[in-house]
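# Remarks on the overall topology
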Amino acid sequence: MTAVKLPRRRREIGKGGWRHTAGAAVVALIYFFPVLWIILTAFKTRTDALAIPPKLFFSPTLENFKSVFFRQSITAGSSQETEFLLYFFNSIFIAGTSVLAALIVGTLAAYAFSRHPLKGNDTYLFIILTTRMMPPIVVIIPIFLMFRITGLAGSYWGIILLYTAFNIPFSVWLVKSFFDELNPEIEDAARMDGATERRVFFGMCLPQIYAGLAATFVFGLILTWNEFLFALLLTGVDTRTVPVAMARTMGGEVGVDYGLLAAIVTLFLIPIFFVTFLLQNQLLRGVTFGTVKR
Amino acid sequence: MATLELTDVERHFGPVRALDGMSFDVADGEFFCILGPSSSGKTTTLRAIAGLEKLAGGRIVMDGRDITDAPVQGRDMAMIFQTFALYPHLTIRQNLAYPLKRAGIGGAETRRRVGEIAELLRVVHTLDRKPPTLSGGEQQRVAIGRAIVRRPKLLLLDEPLTNLDAKLRHDMRAEFKRLHRELGTTMLYATPDQLEALTMGQRVAVIENGRVVQIDTPRALYARPADRYVAGMVGAPAMNLIDGRTRSEGSNTVVDLPFGKVDASGLGVPAGQDVVFGIRPHDITLAATSPDDGGMTLRAKVHLTEPLGDVTVIDLDVRGTTLKMVLREEVAARLKTGEDLSIRLGGADGHLFMKETGVRIA
């Protein structure tokens, strides 16, 4: 029998006592350490970055960040503007558009799967998921050839289409689980109150799973944001994303410039940090959705 | 207000016949109860009337108009769901206004009616809060408010008290009766609780496996249950049902029971028939304090007592058969477990059913 009231447990900060708090802080630091190290390295000079033993205290420099956008070329001699501004735009545009598109398509599909099941519903859901069961590299050759023939290779729409397609299964499954958790009597009540099917979907179902949609969006965004393989093979000079561009700064005449790489990564983290922080509250509710039995 | 007729309504879930020829009529302005255990088809019946279920057959007519295939929207009925089904992302004010908004009623009128309803149901203080922050009773009243704010012709109530605690349930029963009197709306009330059905319904339909077993007033259901199923369902504690067998005794027919025999002459039952004898716990009395009305007097041993406050239910052991009786608390308090008693089964109070079919003989 479904109980009506959710027992609400209020979380009180600091109730865990200093011992547990300190323990949690240590564990958190261990997880955060690689990220912290990257950020620190971004502010180091080349010598500091390569120093052994590693330096924890040093005089910070913004030189690395400057050279992300303006770089001294050995052959040209003068400082030259790099294309990184474009690459950052590409990353944001491509990941944002494709994850949003996948979320929209996925939500519609998930609603259909959840509320209007077909004969063999589970089979279709399973088939949708099979595309995520193999490593992407398996399909890279056919996809590469298809993109070459259709002229999609190197274009924005090509890579957006691909990322959208790769995000849809994940969106469908996740969002379906959120729809499944809703009390269908609420939708019936809305229908009896005179709501059309469209209103039931937009006015009743969607608002109840905003948190879940936010969580799905962030997870998809992180996956897509960091994607390297497809971006490497299927983007062109103008549509290159940051991970690909980053890889191209390695090697060359001067070997690996760790400070520069760290600066790019640091900048690369900011948009994701920002989105995650913005949706933090929704995210927490989203990932715990359905773990509390109504 | 509205009349409602269901004729042979069928709803199947795969091989399961949730509604199997469900038929009944509801009169204009009636408070009609549907009584049955869980999964007997109560909810499905209400949902079918609301248009939320796809029927495999039968007709539903409201106010003389066939609504069997009409869309859910615009049937001019409202439903109170077992889970209340309040819109969790809307405030109570928005919840109450929702049916009016969908019906295209203007802002001023909506505000007035929402205010009125909130006043009537004492939820004014919750208007700007959201449903999950309300207590069970408040949620219940909001659910009622949302159902009646549009003034539907027919109100469907699906076990609306199941999720409430006992005290609140008692108060709400009175509340529903009051609402029915004030609104005059035809009400269909589904419940597994015989007490709710008997106290509120003007007529009660007892259903089993998706079909009606008996439709009658609460009084008639209690006094003359149409079969063994209804007999066991209506009345608390439940009727004592004892297996027996008919036998000819001279020109009379009697029923042999484990602890004696009762007369069954003139009922048209042949000898050698398996039957079930029923007697309500309230119809068993202490022999010492009741007049001899020609009933059966028996020796019994007190097996167990369940004090309910004003009365006590007593389990008696009568030669290996368990019978329940009800005594006033002050009488029962003097009884000890294992004590021997002399009890009387009222002569005119017995019920007799066919064992095989359960159908009432007398």
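The model shown is predicted, which means the values in this text are computed figures rather than measured ones.

### Section: the overall build of chain A
On a plain count of helices and strands, chain A comes out with 14 helices and 2 strands. Residue pairs at least 24 apart in sequence account for 72% of intrachain contacts in chain A once pairs closer than 6 positions are excluded. Working note: accessible area of chain A is about 17,600 Å², and carbon and sulfur atoms make up 69% of it.

### What about the sheet that holds strand β15 (residues 284-286) of chain B?
All names here are of chain B. Taken in spatial order, the 5 strands make up an open sheet running β15-β19-β16-β17-β18, and their pairing is antiparallel. Looking at the sheet topology across the chains shown, the edges are occupied by β15 and β18 (321-328). Strand after strand, the sheet turns through a mean of 50° between neighbouring axes, direction not considered. Two elements, strand β16 (residues 296-307) and strand β19 (residues 340-345), share 6 bridges in a ladder whose sense is antiparallel. Each residue of the ladder has a partner; that of Leu-298, found in β19, is Ile-343.

### Describing the sheet that holds strand β11 (residues 240-249) of chain B
Residues and elements named next belong to chain B. The antiparallel open sheet is built from 5 strands, whose spatial order is β13-β12-β11-β14-β20. At either end of the open sheet lies a strand with only one pairing partner, and these are β13 (260-263) and β20 (351-354). With direction set aside, neighbouring strand axes in the sheet form an average angle of 40°. Sheet analysis places strand β14 (residues 274-279) next to β20, joined by 4 bridges and oriented antiparallel. For Phe-277, the partnering residue across the bridge sits in β20 and is Leu-352.

### Here we look at the side chain of Arg11(B)
Residue and element names in this part refer to chain B. Turning to its location among the elements, Arg-11 is positioned in strand β1 (residues 4-13). A polar contact of 2.7 Å, which involves the side chain of Arg-11, links it to the side chain of Glu-53. Contact partners of Arg-11, with chain neighbours within four places excluded, come to Val-16, Arg-17, Ala-18, Leu-19, Thr-44, Glu-53, Lys-54 and Ala-56.

### Side note on the interface of chain B and chain A
Many analyses report the size of an interface as the accessible area lost when the parts associate. If you look at the interface, chain B gives 32 residues, while chain A gives 23 residues. Of the roughly 2,300 Å² buried between chain B and chain A, counting both surfaces, carbon and sulfur atoms make up 59%. Of all residues in chain B, the largest losses of buried area upon contact with chain A belong to Gln73(B), His89(B) and Arg102(B), amounting jointly to 25% of the total for that side. Where chain B meets chain A, there are 2 salt bridges. Note that Arg47(B) and Asp188(A) form a salt bridge whose closest N and O atoms lie 2.7 Å from each other.

### Remarks on the pattern of salt bridges
Side chains that differ in sign of charge can pair as their charged atoms come close. Scanning the entire structure with this criterion turns up 34 salt bridges over all chains. Across the salt bridge formed by Glu109(B) and Arg113(B), the nearest N and O atoms sit 3.1 Å from each other. Separated by 4 residues within a single helix, Glu109(B) and Arg113(B) lie in helix α3 (residues 107-120), roughly one turn from each other. Overall, the relative accessible area of 11% leaves Arg113(B) in the buried class. Linked through salt bridges whose partners overlap, the residues forming this network are Asp188(A), Arg191(A), Glu197(A), Arg11(B), Arg47(B) and Glu53(B).

### Comments concerning the packing of helix α10 (residues 210-225) of chain A against helix α13 (residues 258-278) of chain A
Any two packed helices are characterised by the angle at which their axes cross and by the distance between the axes. All names here are of chain A. Between α10 and α13, the shortest axis-to-axis distance is 10 Å and the interhelical angle comes to 170°. The angle between the axes of α10 and α13 places the two elements in the roughly antiparallel class. Residues Phe-217, Val-218, Leu-221, Ile-222 and Trp-225 of α10 lie in contact with α13, whose contacting residues are Phe-268, Pro-271, Ile-272, Val-275 and Thr-276. Residues of the contact of α10 with α13, tallied by class, amount to 9 nonpolar, 1 polar and no charged.

### Details of the domain arrangement of chain A
Residues and elements named next belong to chain A. Domain annotation for chain A reports domain 1 (17-81) and domain 2 (84-288). One C-alpha centre belongs to domain 1, the other to domain 2, and the line joining them spans 30 Å. Between domain 1 and domain 2, the residue contacts involve 14 residues of the former and 17 residues of the latter. Note on domain 1 versus domain 2: buried area summed over both sides is about 1,400 Å², and carbon and sulfur give 76% of it. At the junction of domain 1 with domain 2, the criterion picks out 1 salt bridge. Applying the counting rule to domain 1 against domain 2 returns 0 residue pairs in polar contact (both at pLDDT 80 or more). At the level of elements, α1 (17-42), α2 (46-50) and α3 (63-69) are the ones that each hand at least two residues to the side of domain 1 that touches domain 2. Partitioned by chemical class, the residues of the side of domain 1 that touches domain 2 number 9 nonpolar, 3 polar and 2 charged.

Reading the values: rules and limits
- Residues numbered from 1 in each chain as written.
- Chains lettered and ligands numbered in written order.
- Predicted model: local features only at pLDDT ≥ 70, side-chain atom pairs only at ≥ 80, totals over all residues.
- Heavy atoms only, no water.
- Helix = DSSP H or I, 4+ residues; strand = E, 2+ residues; numbered from the N terminus.
- Contact = heavy atoms within 4.5 Å.
- Areas by Shrake-Rupley, 256 points an atom, 1.4 Å probe, with all protein chains shown as cover.
- Pairing = 2+ DSSP bridges.
- Axes fitted to C-alpha atoms, helices over the stretch in contact; angles between N-to-C directions.
- Polar contact = N/O pair within 3.5 Å; in protein donor to acceptor, adjacent residues only side chain to side chain.
- Buried area = accessible area lost by both parts, 1.4 Å probe.
- Salt bridge = Lys/Arg side-chain N within 4 Å of Asp/Glu carboxyl O.
- Buried < 20%, exposed > 50% of the residue type's maximum accessible area, 1.4 Å probe, protein only.
- Parallel < 35°, antiparallel > 145°, perpendicular 65-115°, else oblique.
- Nonpolar A, V, L, I, M, F, W, Y, C, P; charged D, E, K, R; others polar.
- Domains from an automatic or database assignment.

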